[in-house]
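# Summary of the model geometry
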Amino acid sequence: MTALLDTLRGVVGAANVLHEGDLSAWEQDWRRRWRGKALAVVRPGNTAEVAAVLRACATAGVSVVPQGGNTGLVGGGVPDASGTQVLLSLQRLNRVREIDEANLTLTAEAGCVLQAVQHAAEERGLLFPLSLAAEGSCTLGGNLATNAGGTQVLRWGNARELCLGLEVVTAEGEIWSGLSGLRKDNTGYDLRDLFIGSEGTLGVITAATMKLAPQPAATGTALAACASVADCVALLQLARARLGAGLTGFEMMGGYALALTAKHFPTLPHPLPEAAWTVLLEHSDTESEAHAREAFEGVLGAALEAGIVHDAVVAETLAQGQALWHVRESIPLAQAEEGPNIKHDISVPVSRIPAFVEETDAALQAQFPGVQLVNFGHLGDGNLHYNVQAPRGEDGRRFLAEQEHAVNTVVFDAVARHGGSFSAEHGIGALKRDELSRRKSPVALALMRRIKAALDPQNLLNPGRVI
Ligand code: FAD
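- Where an unreviewed UniProt entry is consulted, the chain appears under the name FAD-binding oxidoreductase, with the organism given as Rubrivivax rivuli.
- The UniProt entry for the chain carries this comment under Cofactor (unreviewed entry): "FAD".
- As recorded by UniProt, the Sequence similarities (unreviewed entry) comment attached to the chain reads in full: "Belongs to the FAD-binding oxidoreductase/transferase type 4 family."

### A few points about the overall build of the chain
- Looking only at helices and strands, the chain has 16 helices and 18 strands in total.
- With the C-alpha coordinates aligned to their principal axes, the bounding extent of the chain is approximately 70 × 55 × 45 Å.
- For the chain, with 467 residues in total, the buried portion stands at 48%.
- Here the analysis covers contacts within the chain between residues at least 6 apart in sequence; of these, 73% occur between residues at least 24 apart.

### What about the pairing of strand β4 (residues 85-89)?
- For β4, the buried fraction is high: five of the five residues fall into the buried class.
- Here β4 shows no split at all, with Q85, L87 and S89 on one side and V86 and L88 on the other all buried.
- Sheet topology note: the strand β3 (residues 64-67)/β4 ladder contains four bridges and is parallel. Across the sheet, residue V65 finds its bridge partner in β4, namely L87.

### Description of helix α3 (residues 47-60)
- Under the 1.5 Å per step criterion, the end-to-end length of α3 is 20 Å for 14 residues, consistent within 8% with the ideal 20 Å.
- Looking one or two residues beyond α3, the residue adopting positive phi is G61, at roughly 70°.

### Concerning the site of the ligand
- Looking at the ligand, there are 37 residues lining it, with G68, G76, G141, G142 and G200 nearest.
- If one sorts the elements of the shell around the ligand by residue count, helix α5 (residues 140-145) sits on top with four residues.

### Regarding the packing of helix α10 (residues 255-264) against helix α12 (residues 318-338)
- Contact pair α10 / α12: the axes reach a minimum separation of 8 Å and the direction vectors enclose 75°. When the interaxial angle is binned, α10 and α12 end up roughly perpendicular. Contact residues: α10 offers A257, L260, T261 and H264, while α12 offers V327, S330, I331, A334, Q335, E337 and E338.
- Looking at the contact of α10 with α12, its residues break down into five nonpolar, four polar and two charged.

### Describing the UniProt feature "domain: FAD-binding PCMH-type" (unreviewed entry) in the chain
- Here the UniProt-annotated "domain: FAD-binding PCMH-type" (unreviewed entry) positions come out as residues 34-215.
- Along residues 34-215, the helical share is 24% and the strand share 26%, with 39 Å between the first and last C-alpha atoms.

### Structural notes on the domain arrangement of the chain
- Domain annotation of the chain identifies domain 1 (2-89), domain 2 (96-214) and domain 3 (218-417).
- For domain 2 and domain 3, the distance between their C-alpha centroids amounts to 28 Å.
- Each side of the interface is counted separately: domain 2 has seven residues, and domain 3 has twelve residues.
- Taken together, the residues that form the side of domain 2 that touches domain 3 break down as three nonpolar, three polar and one charged.

### Observations concerning the environment of E425
- Relative to the assigned elements, E425 resides in the loop between α14 (396-417) and α15 (433-439).
- On the neighbour-count criterion, E425 (22 C-beta atoms within 10 Å) is buried.
- Taking the C-alpha atoms as reference, E425 lies 15 Å from L140; in sequence the two are 285 residues apart.

### Section: the sheet that holds strand β8 (residues 163-169)
- As summarised here, the arrangement of the five strands in space is β5-β6-β10-β8-β9, forming an open sheet in which the pairing is antiparallel. Two strands close off the open sheet at either side, each with one partner strand: β5 (96-100) and β9 (175-178). On average, each strand axis in the sheet is tilted by 10° relative to the strand beside it, whichever way the strands run.
- Both β8 and β9 contribute to a ladder of four bridges, which runs antiparallel. Residue pairing in the sheet places L166 in a bridge with G178 of β9.
- In this fold helix α4 (residues 114-123) packs onto β5 and β6 (105-109), with an angle of close to 145° to the strand it touches most, β6.

### As for the environment of V96
- Structurally, V96 can be placed in strand β5.
- V96 sits ten residues away from L106 along the chain, and the two C-alpha atoms are 7.6 Å apart.
- Apart from the residues lying within four places of it in its own chain, the contact partners of V96 are L106, A108, C112, V117 and A120.

About the thresholds
- Starting from 1, residues in each chain are numbered consecutively following that chain's sequence as written.
- Where totals are concerned, whole chains, interfaces and linings use all residues; where local detail is concerned, this predicted model gives features only for residues with pLDDT of at least 70, and gives and counts side-chain atom pairs only at 80 or more.
- UniProt positions are given in the numbering used here, feature names are shortened, and annotations may be inferred rather than shown by experiment.
- Only DSSP runs of H or I reaching four residues or more are called helices, and only runs of E reaching two or more are called strands; each is numbered from the N terminus.
- Counts of 20 or more other C-beta atoms within 10 Å of a residue's own C-beta define buried residues, counts of 12 or fewer define exposed ones, and intermediate counts define partly exposed ones; C-beta atoms are placed from the backbone.
- Contact definition: two residues whose C-beta atoms, as placed from backbone geometry, lie within 7 Å.
- Here, strands pair whenever DSSP counts at least two bridges between them.
- Expected helix span is taken as 1.5 Å per residue step, with the number of steps being one fewer than the number of residues.
- We call a residue near a molecule or strand when its C-beta atom, built from the backbone, sits within 6 Å of it.
- Axis definition: a line fitted to C-alpha atoms, over the contacting stretch in the case of helices. Angles run 0 to 180 degrees between N-to-C directions.
- An angle below 35 degrees is read as roughly parallel, one above 145 as roughly antiparallel, one from 65 to 115 as roughly perpendicular, and any other as oblique.
- Residues are grouped as follows: Ala, Val, Leu, Ile, Met, Phe, Trp, Tyr, Cys and Pro are nonpolar; Asp, Glu, Lys and Arg are charged; all remaining types, including Gly, are polar.
- What fixes the domain bounds is an automatic or database domain assignment.

So, in structure tokens, the structure goes:
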């Protein structure tokens, strides 16, 4: 291994090959659920260096774990405990290469922090709509490798829908230059779509060309209180009918989820404390503030009249709107403060959400009396973060250790009955690999294995993850 480390030092410089001291920032995940040991953390500064690192590792038969911002939630971006894997950090590939205003595209390197990409677009008066609570730390490459969703999927789609082209380094160190600003290109198999969502198991993304959009003239935010999940779904239908493509966010938050943010972050606003379910709506308007407000008040007025909503507040200023979003985005942090919980990131067709929640809540309460449900998520996409916390007074860590499998079985069986997915946004990583082999069809698994073997014949890219 000394020879490999020397070669890597020659490629990226000695200062960018770390193998002593505290490497926990790379070896441990954000939630401290997985902790591994890397042979070395290697930090290339450009695509040619990434390719040279992968060629050296392929020659030495050493496996590589790509990592961006290390905000992933399924243990896919940290090394295993063997001490034999190279942790490839993409963080130094952080240049925005080009913004083409007429083509509405931006080309940026994989290590660019998502927020920096948003700001680069904003500086040209344009919008890069991918947005999620980890945007201050996660990277464009990680977003694409996990096909991240976030809060704007309802209008703009997942990372995949926003991506027009990729630059990728293969397991053997070849560079595929697939950067393209084309919206139409039917020249053979879509390699780009193969790498998106592959969680570092098929290739290393080094840059991407992403779609931009004009900035809206005005953005409005409101909260609405609903008595049931069915009413939240009815509000979604009404808002879609009235606002069309102007409806850019629709987040549902359960009463207990908001009670946790109020408890752990008491300075945050909590305007509808009695609501069983609170919906956060965002409306982006291409005309004006006044038009945005009128359209929004129309939706909420009709919803109040129909009895779908029993109380509502509309943000008066952009800052108030941002504060309401901040409440939504603080739920995962409030949960982390409260203690361990069993997280699920599921999707079912929107029409099935009320029945899914009712049946699954009842089944869990019957099997684990007193269990606490932290339910929130992107209702407009049929995607819920349906999280399960130990019954009050019970040790959360022990509940997690002893009951995770049983809880997952209840939740994932219900998801399957309702035609859903057991991993809507966060991917498979290490956490859900066994679930994938249990729940994906044998034909789908066989096809995935054949693709993996074709692109990574030595099984060196993020082995043991996904498949
Ligand atoms: P990492 O965590 O570093 O890596 C994630 C995976 O991608 C790993 O398997 C890694 O090997 C691989 N990878 C990373 N970079 C590359 C690359 N350049 N080439 C190939 N493979 C690579 N996700 C959502 O979809 N929607 C949300 O709303 C959402 N909210 C979140 C909120 C919080 C507070 C947190 C902590 C996470 C959230 N996530 C969400 C999880 C989400 O997957 C990540 O935040 C983000 O997309 C991962 O980016 P990253 O750069 O941190 O990737």
